[in-house]
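Next come the chains, spelled out residue by residue.
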Amino acid sequence: MAKQKKIEPLVGEDLLHKVKELENVSKEDKAKKCGYYTVTKNGIERVNMMKFLNALIDAEGIQLDSAPSANGRGGRSASYRISVQSNGNLLIGSAYTKQMGLKAGDEFLITLGKKHIRLRQVDADEKEGADVLEEATA
């Protein structure tokens, strides 16, 4: 039995042109005619639709994967929800502080409402004014 030649599927512009030529054909036939199939040991042809569709997406230049993060590491994404911890603390994670460009030592004013807590970052000018006010009351 002669060994069959490896099928090279179409990619890029060639794939897009071939798919446009075959516009009146079923998607399985399009995939097969573009080379996205394999032949089993029993001689049965199997269409690989997933590879075909992924190749079409790549040929169109569509980016489905999210861009890698700045530090190249994966992990959880920010959900913008936090829970009160068992010790009563609210912890704002590093994902949020990095996104805002905060550094160690940055200060905030806390304002409590009926159903909300507002944090407002204290500017350098406000810090100087607060220091003068503290000295005057002390």
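Attention in this report is confined to the structure presented alongside it. If you're wondering where the values come from, they're calculated on a predicted model, not measured in any experiment. Residue positions are counted from 1 within each chain, in the order its sequence is given. Local features are withheld for residues below a pLDDT of 70 in this predicted model, meaning they are given only at 70 or higher, and side-chain atom pairs are given and counted only at 80 or more; totals for whole chains, interfaces and linings count all residues. Just so you know, side-chain values use all the structure's heavy atoms and leave hydrogens and water out.

**Things to note about the overall build of the protein**
Note on conventions: DSSP H or I runs of at least 4 residues are helices, E runs of at least 2 residues are strands, and numbering of each starts at the N terminus. Per the secondary structure count, the protein includes 5 helices and 4 strands. Looking at the protein as a whole, 12% of its 138 residues qualify as buried. We call two residues in contact whenever any of their non-hydrogen atoms come within 4.5 Å of each other. At a minimum sequence separation of 6, the contacts of the protein that also span at least 24 residues come to 23%. Entry remark: accessible area of the protein is about 12400 Å², with carbon and sulfur atoms responsible for 51%. Burial here depends on accessible area, computed with a 1.4 Å probe over protein chains only, as a share of the maximum for the residue type. Under 20% is buried, over 50% is exposed, and the range in between is partly exposed. Values of accessible area rely on a 1.4 Å probe in the Shrake-Rupley scheme; residue burial ignores everything except the protein chains shown.

**Description of the nonpolar core**
We define the nonpolar core as a collection of buried residues of types Ala, Val, Leu, Ile, Met, Phe, Trp, Tyr and Cys that are connected through side-chain atoms lying within 4.5 Å of one another. Leu15, Leu16, Val19, Ala31, Cys34, Tyr36, Met49, Phe52, Ala55, Leu56 and Ala59 form the largest nonpolar core, which has 11 residues in total. Beyond its immediate sequence surroundings of up to four residues, Phe52 is in contact with Leu15, Val19, Lys27, Lys30, Ala31, Cys34 and Tyr36.

**Quick word on the pairing of strand β4 (residues 117-121)**
Each pair of strands is called paired provided DSSP finds at least two bridges between the two strands. Sheet analysis places strand β3 (residues 108-112) next to β4, joined by 5 bridges and oriented antiparallel. By the bridge assignment, Leu109 is partnered in β4 with Arg120.

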